[in-house]
Amino acid sequence: MSDAQRRLLCRFALVAFCAVPTFFALSWALFPRSIAQWQTRALHLLSCPVEIGRVETPTPNQLVFRSFRLGDAESQTWTEFETVEWRQSLNKQQLELSDVDLSLSQFTSLMRLLWEQVPQVELGTRQIELHVGRITIRSDLDNAAAGPNFVFQDCWIRIDPGAAQPRLTVEFFTEQKSDNPVRWETIFGHHDLPTCWSLNTNNNALPCWLVSHAWPTSLRLGDRSWFNGYLSGKLSRTENSFDVSSLQLLDIDPAKLIDTADPASSGDPTPSIRLASNARCDVVVDSAHLIDGRLESTYFKVHCQQGQLANRLLQSAKHWLHIDVIDANTDEFVDFSQLVFGVEIRDGKLNIQSQVPDGAIARGLNQQPLLFATTASVGLAPHCLAGWLAGEGQVQLPVSAASLQLMSHLPILR
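Note that the structure is predicted; figures quoted are calculated from it, not measured.

Visitor: I'd like a rundown of the side chain of S232, residues and numbers included.
Guide: The topology assignment puts S232 in strand β12 (residues 226-235). Each residue touching S232, except ones within four places of it in the same chain, is listed here: W197, S198, S241, F242 and D243.

If you want it as structure tokens, here you go:
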């Protein structure tokens with residue numbers, strides 16, 4: 001071996017066995033270790049209060065946080081994870097979170113945190129993956145579907161800053177053992193690019209109360225209601241759109257959707273529709289398109305099993321929807337064995353459609369027709385549907401700019 005080769009080998013050994021270990025040792029010494037330092041970093045990153053019980057650093061590329069707590073200033077609640085383990089590789093950061101039990105308000109706070117913070121992630125940085133084996137969400141409803149809890153299993157949250165627009169993907173399985181996970185994906189816009197989101201349940205039925213923070217009306221579908229289907233939307237500076245495709249609303253409570261107050265009565269309101277003990281009501285929305293909260297078009301089918309219809313509701317249907325009422329019974333309630341009809345809104349017109357050849361939309365206990373859709377039930381003004389559901393109001397307002405501003409704050413069908 002020549003002298004030059006020996007010198008080169010010695011230099012290589014110096015770098016490999018002295019300089020590199022010294023660099024890593026210095027990095028290890030300068031690595032933040034105090035709880036206060038990590039709480040400050042987490043506060044800066046998440047923009048919410050953070051409390052950490054203990055920090056362990058097994059290696060420079062691995063951290064373990066014990067008793068990791070996230071605070072929400074709006075709801076004044078804390079979400080605690082027993083452990084949060086962080087690892088870093090060349091192209092991604094991975095966080096493994098311990099199983100967690102959340103209230104609905106805590107779940108809402110975490111979803112809002114993701115929605116607000118993901119767009120702030122610096123573009124082009126490493127992908128972030130969060131994994132939680134099991135998330136139990138407690139409902140505040142006494143009679144909620146599947147009991148008071150709903151469980152996410154094998155939940156993955158992926159944040160991809162990308163080169164142009166950050167992307168958030170949430171996937172999880174339910175206890176229904178479906179082959180495909182529920183998938184929520186959002187591509188966040190900036191400048192003139194819109195934010196696009198989609199939710200595909202992949203035949204996993206989810207309780208409606210789970211999305212009440214984004215869709216408050218879902219609470220009016222009943223405590224035991226479920227939904228299953230595909231939803232998508234687009235948010236921009238000029239226009240917000242919302243689309244529904246093959247959405248099933250299962251086991252809803254129609255009494256909560258229809259006005260229960262009889263204007264002529266005083267005291268406790270009486271439901272306008274009552275289902276039998278084991279009966280159910282389902283709504284299948286084939287399609288719906290909304291722009292800025294305004295329903296542009298939709299087609300959905302209603303299927304209710306055995307129950308009772310208030311006579312005043314039948315008379316209201318006759319007045320507003322031009323439906324023929326065959327049974328002239330004057331009793332307060334009329335028994336029915338099934339109520340099945342379709343509703344289409346397109347080009348500013350409302351159409352009520354029967355689903356059977358004879359035109360019946362409701363049948364009595366002996367299968368005789370109770371209600372018929374007529375030729376006059378086609379081409380109605382869309383507000384007729386709201387008039388039928390809401391009944392005769394006691395207050396009437398002229399259509400003006402002032403009343404339109406007031407209507408935007410009222411819980412009415414638009």
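Visitor: Break down helix α3 (residues 104-117) for me, citing the residues and quoting the values.
Guide: Helical geometry note: an α-helix holds 3.6 residues per turn, so side chains three or four residues apart project in the same direction. Helix length check: α3, at 14 residues, gives a terminal C-alpha distance of 20 Å against a target of 20 Å (1.5 Å per residue), a fit within 8%. In terms of burial, α3 is largely enclosed, as 10 of its 14 residues are buried. Considered for burial, the residues of α3 that qualify are L104, Q106, F107, T108, S109, L110, M111, L113, L114 and Q117.

Visitor: Can you lay out the packing of aromatic side chains for me, pointing to particular residues and giving the numbers?
Guide: Within the structure shown, the criterion is met by nine aromatic pairs. Between F152 and F172 the ring centres are 3.8 Å apart and the planes differ by 10°, which places this aromatic pair in the stacked class. Of this pair, F152 sits in strand β7 (residues 149-160) while F172 sits in strand β8 (residues 167-173), placing them 20 residues apart in sequence. One aromatic cluster is present, formed by F107, F150, F152, F172 and W226 through successive ring pairs. The ring of F333 has R274 sitting right over it, with the charged end atom 3.7 Å from the ring centre.

Visitor: Would you mind going over the side chain of S103 in detail, with residue names and values included?
Guide: In this structure, S103 sits in strand β5 (residues 100-103). A residue is classified by how much of its surface remains accessible, and S103, at 11% relative accessible area, is buried. A polar atom in the side chain of S103 sits 3.0 Å from the side chain of S105. With near-sequence residues (within four places) excluded, S103 lies in contact with I137 and R138.

Visitor: Residue-level account of helix α5 (residues 311-321), with values.
Guide: Where α5 is concerned, the buried positions are N311, L313, L314, S316, A317, W320 and L321. In the segment just after α5, H322 is the residue with positive phi, at about 55°.

Visitor: Now, about the sheet that holds strand β19 (residues 333-336): what can you tell me, with residues and values included?
Guide: Pairing is antiparallel in the open sheet, where three strands are placed in the order β14-β17-β19. Looking at which strands have only one partner, the edges of the open sheet turn out to be β14 (273-275) and β19. Shown here is a sheet whose adjacent strand axes are inclined to one another by a mean of 20°, direction ignored. Of the strands in this sheet, β17 (307-310) and β19 are in contact with α5, which crosses β17 at around 60°.

Visitor: Residue-level account of the environment of I35, with values.
Guide: The topology assignment puts I35 in helix α2 (residues 35-46). With a relative accessible area of 32%, I35 lands in the partly exposed category. A C-alpha to C-alpha distance of 7.6 Å links I35 and G53, two positions 18 residues apart in sequence. In this structure I35 touches I52, G53, R54 and V55, once residues within four positions along its chain are discounted.

Visitor: Which residues make up the environment of R363, and what are the values?
Guide: Looking at the secondary structure, you find R363 in strand β22 (residues 360-363). Put simply, R363 and L339 are 24 residues apart on the chain and 6.8 Å apart in space, counted from C-alpha to C-alpha.

Visitor: Tell me about the pattern of salt bridges, residues and numbers included.
Guide: For the structure shown, the criterion picks out 19 salt bridges. With a closest N to O distance of 3.3 Å, E56 and R66 form a salt bridge. With E56 in strand β1 (residues 50-59) and R66 in strand β2 (residues 62-72), this pair connects stretches of sequence that are 10 residues apart. A residue is classified by how much of its surface remains accessible, and E56, at 24% relative accessible area, is partly exposed. Using a relative accessible area of 27% as the deciding quantity, one classes R66 as partly exposed. For R158, the salt bridge goes to E171, with nearest N and O atoms at 3.5 Å. Remark: E171 occurs in strand β8 and R158 occurs in strand β7; sequence separation between them is 13 residues.

Visitor: Give a description of the pairing of strand β3 (residues 77-88) that names residues and reports values.
Guide: Of the pairings in the sheet, the one linking β2 to β3 comprises 10 bridges and is antiparallel in character. Each bridged residue has a counterpart across the sheet, and for F68 the counterpart in β3 is F81. Across five bridges, the pairing between β3 and strand β4 (residues 92-97) is antiparallel. Bridge assignment links Q88 to a residue of β4, and that residue is Q93. Counting the residues in the hairpin turn of β3 and β4 gives three residues.

How each quantity is defined
Residues numbered from 1 in each chain as written. Predicted model: local features only at pLDDT ≥ 70, side-chain atom pairs only at ≥ 80, totals over all residues. Heavy atoms only, no water. Helix = DSSP H or I, 4+ residues; strand = E, 2+ residues; numbered from the N terminus. Contact = heavy atoms within 4.5 Å. Expected span 1.5 Å × (residues − 1). Buried < 20%, exposed > 50% of the residue type's maximum accessible area, 1.4 Å probe, protein only. Phe/Tyr/Trp six-rings, centres within 6.5 Å; stacked < 30°, edge-to-face > 60°. Lys NZ or Arg CZ within 6 Å of the ring centre and 35° of its normal. Polar contact = N/O pair within 3.5 Å; in protein donor to acceptor, adjacent residues only side chain to side chain. Pairing = 2+ DSSP bridges. Axes fitted to C-alpha atoms, helices over the stretch in contact; angles between N-to-C directions. Salt bridge = Lys/Arg side-chain N within 4 Å of Asp/Glu carboxyl O.

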